[in-house]
Amino acid sequence: MGPRWTSALLLCLLMVASSLANEAPAHETSASGGNQTSTGHGEAAPITTLPIVTWKWHHVSTPYLVALWILVSWLCKLVIEANHHVTTYIPESALLICLGFLLGGMIWGADKVQTFKLTPTVFFFYLLPQIILDSGYAMPNKLFFTNMGGILIHAIIGTCWNAATLGLSLWGCHKGGAMGDIDIGLLQYLLFGSLLAAVDPVAVIAVFEQVHVNEVLFIMVFGESLLNDGVTVVLFNVFDAFVSLGGGAIDAKEIVKGIISFFVVAFGGSLVGFVFGLLISLLTRCTKNIQIIEPGFIFVLGYLAYLTAEMLSLSAILSVMFCGMCCQKYINSNMDERSVQTVRSALKVFANGSETIIFVFLGISAIDKSIWVWNTGFILLTLFFILVYRFIGVFVLTWMMNRFRLVPISLVDQVIMGYGGLRGAVAYGLAVLLDETRIKEKNLMISTTLIVVYFTVIFQGITMKPLVQWLKVKRAALVELSLIEKVQNKVFDHALIAIEDISGQIGHNYMRDKWRNFEEKWMSWFLLKSSARKKQDRLFNVFHELNLQDAMEYVTEGERRGSLDFIRNENAFVDFKKKFDEDFAEAMPDIMADMIQFDGCNVVFLYRGDPVPSVSLEMHEQNLRGLRQAEEINAHHLLEQHLYKGRKQHRHKFSRSHFSINQDENEVQEIFQRTMRSRLESFKSGKMGVAPPKTITKHTKREQQPKMPNGKNRSYYSGDEDFEFSEGDSASGYDASFPTRVSYRTGAGIENPAFMPDVDPSSPMHIPPWLADAELEVSPVAPSQRAQVRLPWMPGHLHRLSSLRTSPRSGDSVQEGDEQLPPPPPPPPRHDRDDNHL
Amino acid sequence: MGSSSSSLNNVPDGQQLMQETGFSAAHLLRLYERFKFLDKDNRGHLRSEDFEAVPELSENPIGDRIVGAFFLPGQETVDFSSFVRVLAHFRPTEKNRTRAGAQPDPANSRNRKLKFAFRLYDQDRDGKISRIELLQVLREMLGMQVTEEQLQSIADRAIQEADLDKDDAISFDEFRKSLEKVNIDHKMSIRFLE
């Protein structure tokens, strides 16, 4: 149903797009004729009457078409991904290309000429950078640098080998007469070889991500494909220069210059990227006050790194890749958790989006009669040589490398590496860049490149998965974090370093240790915020993640059981294994921490002998103060989300710079009125010294119950009236605060304790003072000054409120949580005011 | 090769160690040189002061544990053959080469490597990593960044994860099970220079 619907939509859009495109020239001519006011170019012709609406296609055509094409490409992806049974056999990239054929065919059918093509400018300036930046940013650095030697050898020597052998062999075959009469010289062959030499990261990732090979194999192919893109562009430029110099002008000096330029361009590009990476890291040190645009810096500076390198004629791909790799660690620690998430997902959106567009357009570009020149010998030989030399290159180089590797790359892995030599859009982009005046057979080269791309992406892409299965390639293991493993890994690291030191060997571990020391001493000091430096320890992070995970499990468990009741139930708690001690503390950290900070409660808390061990309690207090507030709030949020929800959901108020949450005025009103009603009742009954009429509370219960978002809340409403007291020593932070509340309430003049546990859990009955104030001052958004002044008196997390107001995720939850919490001590003035108000 | 095997005669128990540990003659020779370098006073054995003279080791959080692993219980010195035997734990495992005369359970087998790692924790050699022992390691490795309470709860958790028989300690079997997924060969091998 879904896919069919979307494909229909796709077709419609396509029709619109192509018809609009058709119209464009027509309108252009008519507009230049200057008679049609309806084109929107009415300024030229005097208008006789005010047009109500005008048709201004011309005005928007370019951006409109761009947006439309992006939409169409993405819809293609949507259609493909909706058909899971197909994507398990055929990789997505291949399908996208095929859909591209289809779309191209339609355009061709409509226009009789290929209006839309992948141009090198668009590709290199607008589609490629974000893909490389994303790869760099997501690069597993440790893995990359551990295998750096192999990757570099493959990327540099392997690429040169591919280029040289392909060029020379084709030239040899040409001389031997295998291709008939074509006008290509040796240099042109080498140029062609260099543009086809590189394995394409886009195509490779697209395929390898789906087969889940082991991490070493993945990083080898992936790292190589990224680096050799840079290399191939450099090679291409060098040979391009040679071609324009002409064969005669090339002497030893020029060749040496070419080699030097190769290294300068490659390393210069990396250096530019490195510098930009440092810049980003430094910048994110001081973006605390503009968190909302913080993620933007990464994109802008990353793009600038690309453009700067391009401007200096250095390797832009290497530049943006190293930029991403350098800054990842520092920006991840420097920036707010949310910004990091934003960067991650936004990069993925851009990268994945442009990848999709690239593949679709690779398909579309093929449907163009004008570029196709067929030369069987040339094309088939190229295909053959590419495959063969790739394999030879991989085998020879890995054989050399394996002599120095601790864990040699197995033969099976080598086969996959060789077979994973997919060519992609970079080759096509370079082929289109060829200068027709110097290379007569440009079109032949383009069509050959296209065929190579199609063959490798579609055929090798499809066969890759069966091959991986057939050869039983070691797959990536699902990494499960366990604390002991992490500890042990660290012990291993240190042990290896120590053993290397003792046995006097200088190896990887030695270098890594040296680098890490340097990094810790200088780089971190220079590039990290002081607060971020503290949370560098990975072991601790794992611990924290595990705790978080447990907290979520715990909430899920609560949901499964239909309530969080089991927290309070001592028996259930014991059943729930010891490990939930911590989880529980994790789930409600701030309540506890705040309890501790709140003097009055502290005593009560200890007195009540809470089963949560003080160890974890204190830990969470620590956490709260310093280390990991953001994540804590997550766990928190999760919990609170399931507690009380007002009748109306909170509504978002638009603000460009904050994610502020606006509390709906109606809700305030409602809560206020309900509270007032109940308060009036209790006040009356308190005065008269009789128990409150149960009907009222029962009534409110019934009224509220159906509105509860889920069963969890029932824990506060169900059960006997005073179960909180009977289970006073249970674990809940909420429980722990009860005595406090009671005493306060007593102070406020309500003397019927039996009434309290019933009404209080359904605490919307009680208007928190800030809401009361808000009501009076008709400004429900933020706590008024009076309310804020009063905040320190309140138990629970009220004093976190002010600091969290700008937090998008916790904003509403905090407020909801507050409603749950026992009402604050109503100071006498408020009481009076309430009365007045009534 | 000829020259190295001729000078192998200088290495005490050279041939036997080659058999036992799987190191090649060149490896042994190199290690012997290192041994002699560490053994400043030419006593033919190393004491813990000799190890402490390695400057980098002082920066290593578990350096003293590693050094401790070289010493057999109750002994103050390490001679060359035990030095090599300890180092042999860190030799990468060959997969396809089965050498003649190889022992059934060579020092670089997964089991022995794990045992070595286990003993780094188990300082009192009672076959169990107790909570206190784990806590010590954690304290050494996490240093100042984490408070004592956090350390304790990390240790508690780690033990809970691995502790199958609920005796609040990690036995070797439990240790091995918890590291089942880890590629020990990968993680606990270094490349010895020829």
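By the naming in an unreviewed UniProt entry, chain B is Calcineurin B ous protein 2, taken from Fundulus heteroclitus.

Under an unreviewed UniProt entry, the name given to chain A is Sodium/hydrogen exchanger, and the organism recorded is Fundulus heteroclitus. Its UniProt record gives chain A a comment under Sequence similarities (unreviewed entry), which states: "Belongs to the monovalent cation:proton antiporter 1 (CPA1) transporter (TC 2.A.36) family." If you open the UniProt record of chain A and go to Catalytic activity (unreviewed entry), you find "Na(+)(in) + H(+)(out) = Na(+)(out) + H(+)(in)".

Regarding the overall build of chain A
Each helix and strand counted, chain A has 41 helices and two strands in total. Counting the 838 residues in chain A, one finds 56% classified as buried. Taking as baseline every contact in chain A between residues at least 6 positions apart, the subset at least 24 positions apart corresponds to 78%. As presented, chain A carries roughly 36100 Å² of accessible surface, and 64% of it is formed by carbon and sulfur atoms.

Some remarks on the packing of aromatic side chains
Residue and element names in this part refer to chain B. Within this structure, the stated rule accounts for 30 aromatic pairs over all chains. Consider the rings of Tyr-32 and Phe-35, whose centres lie 6.4 Å apart with planes at 10°: the pair is stacked. Of the two residues, Tyr-32 and Phe-35 are both situated in helix H3 (residues 25-38); the distance of three residues between them amounts to about one turn of the helix. Using a relative accessible area of 17% as the deciding quantity, one classes Tyr-32 as buried.

Quick look at the environment of Ile-66 of chain B
Mapped onto the elements of the fold, Ile-66 of chain B is located in helix H5 (residues 63-70). Relative accessible area serves as the criterion here: at 0%, Ile-66 of chain B is assigned to the buried category. The spacing of Ile-66 of chain B and Phe-116 of chain B is 50 residues in sequence and 9.6 Å in space, taken between C-alpha atoms. Non-local contacts of Ile-66 of chain B, meaning those with residues more than four positions away in its chain, are made with Ala-495, Ala-498, Ile-499 and Ile-502 of chain A together with Leu-120 of chain B.

Observations concerning the side chain of Asp-39 of chain B
Residues and elements named next belong to chain B. Its place among the elements puts Asp-39 in the loop between H3 and strand S1 (45-47). You can call Asp-39 buried: its relative accessible area is 3%. Within polar-contact distance, the side chain of Asp-39 engages the backbone nitrogen of Gly-44 at 2.7 Å. Each residue touching Asp-39, except ones within four places of it in the same chain, is listed here: Gly-44, His-45 and Leu-46.

Remarks on unusual backbone geometry
A negative phi angle characterises most non-glycine residues, just as the trans form characterises most peptide bonds. All names here are of chain B. Even without being a glycine, Lys-166 presents a positive backbone phi close to 55°. Secondary-structure assignment places Lys-166 in the loop between helix H9 (148-162) and strand S4 (169-171). Positive phi is not limited to glycine here, since Asp-168 has a value of about 65°. When you line up the elements, Asp-168 lands in the loop between H9 and S4.

Some remarks on the pattern of salt bridges
All chains considered together, the criterion is met by nine salt bridges over all chains. In this structure, the salt-bridge partner of Arg-338 of chain A is Asp-336 of chain A, at a minimum N-O distance of 3.3 Å.

Things to note about the packing of helix H12 (residues 294-311) of chain A against helix H14 (residues 337-366) of chain A
Residues and elements named next belong to chain A. Put simply, H12 and H14 touch, their axes get as near as 8 Å, and they point 40° apart. By the criterion of interaxial angle, the relationship of H12 to H14 is oblique. By crossing handedness, the relation of H12 to H14 is classed as right-handed. Each of Glu-294, Pro-295, Ile-298 and Phe-299 in H12 lies in contact with H14, whose residues at this interface are Ser-339, Thr-342, Val-343, Ala-346, Leu-347 and Phe-350.

Digging into a nonpolar patch on the surface
Residue and element names in this part refer to chain A. Side chains of Trp-161, Ile-392, Val-396, Trp-399 and Met-400 sit close together on the surface and give an oily, nonpolar patch of about 470 Å² of accessible area. Looking at where Val-396 falls in the secondary structure, it is placed in helix H15 (residues 376-402). According to the relative accessible area criterion, Val-396 is partly exposed, its value standing at 42%.

Details of the side chain of Arg-390 of chain A
Residues and elements named next belong to chain A. Mapped onto the elements, Arg-390 comes out in helix H15. Only 2.9 Å separates the side chain of Arg-390 from the side chain of Glu-224, close enough to count as a polar contact. A distance of 3.4 Å separates a polar side-chain atom of Arg-390 from the backbone oxygen of Gly-418. Discounting residues that sit within four places of it in the chain, Arg-390 has contacts with Asn-162, Val-199, Glu-224, Phe-385, Met-417, Gly-418, Gly-421 and Arg-423.

Here we look at helix H8 (residues 131-142) of chain B
With twelve residues, H8 of chain B extends 16 Å between its outermost C-alpha atoms, agreeing within 8% with the 16 Å of an ideal straight helix rising 1.5 Å per residue. Looking at H8 of chain B, one finds that the buried residues are Glu-133, Leu-134, Leu-135, Val-137, Leu-138, Met-141 and Leu-142 of chain B.

Regarding the UniProt feature "domain: EF-hand" (unreviewed entry) in chain B
According to UniProt, the feature "domain: EF-hand" (unreviewed entry) maps to residues 109-144 and 150-185 of chain B in the numbering used here. Helix makes up 61% of residues 150-185 of chain B and strand 8%, and the two end C-alpha atoms of the span are 31 Å apart.

Structural notes on the packing of helix H19 (residues 483-503) of chain A against H3 of chain B
Two elements in contact, H19 of chain A and H3 of chain B, have axes whose closest approach is 9 Å; the angle formed by their N-to-C orientations is 80°. In terms of axis orientation, H19 of chain A runs roughly perpendicular to H3 of chain B. Judged by residue contacts, Asp-501, Ile-502 and Ser-503 of chain A of H19 of chain A engage Leu-31, Arg-34 and Leu-38 of chain B from H3 of chain B. Of the residues in the contact of H19 of chain A with H3 of chain B, the class split is three nonpolar, one polar and two charged.

Parameters at a glance
Residues numbered from 1 in each chain as written. Chains lettered and ligands numbered in written order. Predicted model: local features only at pLDDT ≥ 70, side-chain atom pairs only at ≥ 80, totals over all residues. Heavy atoms only, no water. UniProt positions renumbered as here; feature names shortened; annotations may be inferred. Helix = DSSP H or I, 4+ residues; strand = E, 2+ residues; numbered from the N terminus. Buried < 20%, exposed > 50% of the residue type's maximum accessible area, 1.4 Å probe, protein only. Contact = heavy atoms within 4.5 Å. Areas by Shrake-Rupley, 256 points an atom, 1.4 Å probe, with all protein chains shown as cover. Phe/Tyr/Trp six-rings, centres within 6.5 Å; stacked < 30°, edge-to-face > 60°. Polar contact = N/O pair within 3.5 Å; in protein donor to acceptor, adjacent residues only side chain to side chain. Salt bridge = Lys/Arg side-chain N within 4 Å of Asp/Glu carboxyl O. Axes fitted to C-alpha atoms, helices over the stretch in contact; angles between N-to-C directions. Parallel < 35°, antiparallel > 145°, perpendicular 65-115°, else oblique. Left-handed = near helix turned anticlockwise from the far one by under 90°. Patch = residues over 30% accessible without salt bridge, like charges linked within 9 Å, V, L, I, M, F, W, Y side chains within 5 Å. Expected span 1.5 Å × (residues − 1). Nonpolar A, V, L, I, M, F, W, Y, C, P; charged D, E, K, R; others polar.

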